[in-house]
Amino acid sequence: MKKVGIIGWRGMVGSVLLERMEMEGDFAKIDPYFFSTSQAGQNGPLIYNKTHTLRDANDVNELADMDIIISCQGGDYTKKVRPALDEVSWQGYWIDAASAKRMDDDSLIILDPVNKDIIDKALNDGVKNFIGGNCTVSLMLMGIGSLFQENLVEWMTSMSYQAASGGGARHMKELLTQMKVIGDVANPIMEGPILQLDTDISNLLKSEKLNADCFGVPLALNLIPWIDSAVEKGQTREEWKAFSETNKILGRKDNPIPIDGTCVRVGALRSHSQALTIKLNKSVDIKTIEDMIKNFSEFTEFVENTPEATREKLNPRYVSGTLKTTVGRVRKMNLGDEYLNIFTSGDQLLWGAAEPLRRMLNIVL
Ligand code: HSE
């Protein structure tokens, strides 16, 4: 059995990865080794009633003993350790959740329901680095990948509604703590005049009483139309990824599809949503579009454009903790026959992070 080293298994993405690997029986197919940057020698996770002793994630020789390494440890670790493995001529497969190596020429961004043919070709060509994509990009492609595969998209805008989990576990807790404090302040005055309630809560949001160390300002009862750092021309890095990563996943580096939009953090817990405007490159009837979405993959769920179905299924509440990406509000826009409106929701930690990694492991095995 292949030796598989796992690093960063304790974090948010790593925990979801382990949960999914246990659920799908992946550990029965591999010889797993767990690494830690700070607790080598101590007990690691219990997998199928066996405790694994932690190895040193900073020891290149121990890492080089692995056939496959899966890292959820973050970009700084990748930047430090991946070149060190090259220096000892390691020939194994590097599967990574971090963005650090995504755009490198010797890496592929993995999302096998969308680009399995490109993954297979890369394996044949000897590519060793397989990197999970940005969550928003992966979830968008899991929703409407068929429209790209059919080469129907001339350009697209994406307006996102991104959950707290995109920042990590601390961000999720910060949002929930803010909600608790807001609830505590609202509770005793809930039966009183609405304007008093509104004033007190508005003042609370503007005060220093809500901890906002992670997000900078309260996210509860608020939103933040800025995610990650600034890049060029007023874009954020998260917005930049929509264009660059989508086109890399689709193998369209030399013939990219224009994609841009605004990424917004909202008070959802672990699922991202997106409102898409798509300019088709030809007129296609809406029934054909719907069928393409429905038939794309077993993980894509089409939602009828009705108030009942939309409220029930096209949101974080419905998709969280599942592998479903829901796609709805599909309609031609008043802008013209070639303009499509679509809304999609998906779990940021599953298809947006952990799932492509464990599926890549299975492809390599
Ligand atoms: N950058 C994403 C976010 C998560 O902040 O929501 C990781 O893809």
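Values in this document were obtained by computation on a predicted structure and should not be read as measured data. (Residues numbered from 1 in each chain as written. Predicted model: local features only at pLDDT ≥ 70, side-chain atom pairs only at ≥ 80, totals over all residues. Heavy atoms only, no water.)

Quick look at the environment of Glu 87
- For Glu 87, the location among the structural elements is in helix 3 (residues 75-87).
- According to the relative accessible area criterion, Glu 87 is exposed, its value standing at 70%.
- In sequence terms Glu 87 and Val 60 are 27 residues apart; their C-alpha atoms lie 9.5 Å from each other. (Helix = DSSP H or I, 4+ residues; strand = E, 2+ residues; numbered from the N terminus. Buried < 20%, exposed > 50% of the residue type's maximum accessible area, 1.4 Å probe, protein only.)

Considering the pattern of salt bridges
- One pass over the structure, following the stated rule, counts 25 salt bridges.
- Note that Lys 313 and Glu 301 form a salt bridge whose closest N and O atoms lie 2.9 Å from each other. Taken as a pair, Lys 313 in helix 10 (residues 307-313) and Glu 301 in strand 13 (residues 300-302) lie far apart in primary sequence, 12 residues in all.
- The exposure class assigned to Glu 301 is buried, which follows from its relative accessible area of 17%.
- A salt bridge links Asp 337 to Lys 332; the nearest nitrogen and oxygen atoms lie 3.0 Å apart.
- Of the residues examined, Lys 332 reaches a relative accessible area of 22% and is grouped as partly exposed.
- Through salt bridges that share partners, Arg 20, Glu 24, Asp 26, Lys 29, Glu 355 and Arg 358 make up one connected network. (Salt bridge = Lys/Arg side-chain N within 4 Å of Asp/Glu carboxyl O.)

Comments concerning the UniProt feature "domain: Semialdehyde dehydrogenase NAD-binding" (unreviewed entry) in the chain
- Feature annotation in UniProt assigns "domain: Semialdehyde dehydrogenase NAD-binding" (unreviewed entry) to the following positions: residues 3-122.
- Between the end C-alpha atoms of residues 3-122 there is a gap of 22 Å, over a span that is 34% helix and 28% strand. (UniProt positions renumbered as here; feature names shortened; annotations may be inferred.)

Details of the packing of aromatic side chains
- Enumeration according to the criterion identifies seven aromatic pairs in this entry.
- Relative to Phe 130, the ring of Tyr 93 has its centre 6.3 Å away and its plane inclined at 45 degrees; by these criteria the two rings are tilted. Remark: Phe 130 occurs in strand 9 (residues 129-132) and Tyr 93 occurs in strand 7 (residues 93-96); sequence separation between them is 37 residues.
- Relative accessible area serves as the criterion here: at 0%, Phe 130 is assigned to the buried category.
- On the numbers, 6.0 Å between centres and 65 degrees between planes, the contact of Trp 155 with Tyr 339 is edge-to-face. In this pair, Trp 155 sits in strand 10 (residues 153-161) while Tyr 339 sits in strand 15 (residues 339-347), placing the two residues 184 residues apart along the sequence.
- Judged by its relative accessible area of 28%, Trp 155 is partly exposed. (Phe/Tyr/Trp six-rings, centres within 6.5 Å; stacked < 30°, edge-to-face > 60°.)

Let's talk about a nonpolar patch on the surface
- A surface patch of nonpolar side chains, about 240 Å² in accessible area, is lined by Leu 176, Met 179 and Leu 269.
- In this structure, Leu 269 sits in the loop between strand 11 (259-262) and strand 12 (271-280).
- Since its relative accessible area comes to 34%, Leu 269 is described here as partly exposed. (Patch = residues over 30% accessible without salt bridge, like charges linked within 9 Å, V, L, I, M, F, W, Y side chains within 5 Å. Areas by Shrake-Rupley, 256 points an atom, 1.4 Å probe, with all protein chains shown as cover.)

Quick word on the confidence of the model for the chain
- The pLDDT averaged across the chain works out to 97; a share of 100% of its residues lies at or above 70.
- This prediction of the complex comes with two scores: 0.96 for pTM and 0.96 for ipTM. (pLDDT = per-residue confidence, 0-100.)

Quick notes on the site of the ligand
- Inspection of the region around the ligand gives Asn 134, Cys 135, Gln 162, Gly 166, Ile 227, Glu 238, Arg 265, His 272 and Gln 348 as its neighbouring residues.
- In this structure, Arg 265 approaches the ligand through a side-chain N or O atom, which is 2.7 Å from an oxygen atom.
- Expressed as a share of its isolated accessible area of 260 Å², the protein-covered part of the ligand is 83%.
- Considering only residue class, the shell around the ligand consists of two nonpolar, five polar and two charged. (Near = heavy atom within 4 Å. Polar contact = N/O pair within 3.5 Å; in protein donor to acceptor, adjacent residues only side chain to side chain. Nonpolar A, V, L, I, M, F, W, Y, C, P; charged D, E, K, R; others polar.)

Overview of the environment of Val 330
- Structurally, Val 330 is set in strand 14 (residues 325-332).
- Taking relative accessible area as the criterion, Val 330 reaches 5% and is therefore assigned buried.
- The spacing of Val 330 and Asn 305 is 25 residues in sequence and 6.5 Å in space, taken between C-alpha atoms.

Observations concerning the nonpolar core
- Counting 34 residues, the largest nonpolar core has Ile 144, Leu 147, Phe 148, Ile 278 and Ile 342 as the members making the most contacts within it.
- The biggest single contributor to this core is helix 5 (residues 135-149), with eight residues.
- Sequence-distant contacts of Ile 278, defined by excluding residues within four places in its chain, comprise Ile 144, Leu 147, Val 153, Trp 155, Met 156, Glu 338, Tyr 339, Leu 340 and Ile 342.
- In terms of nonpolar packing, the next biggest core, distinct from the first, is built from 28 residues, Trp 9, Val 16, Leu 349 and Met 360 among them. (Core = buried A, V, L, I, M, F, W, Y, C linked by side-chain atoms within 4.5 Å. Contact = heavy atoms within 4.5 Å.)

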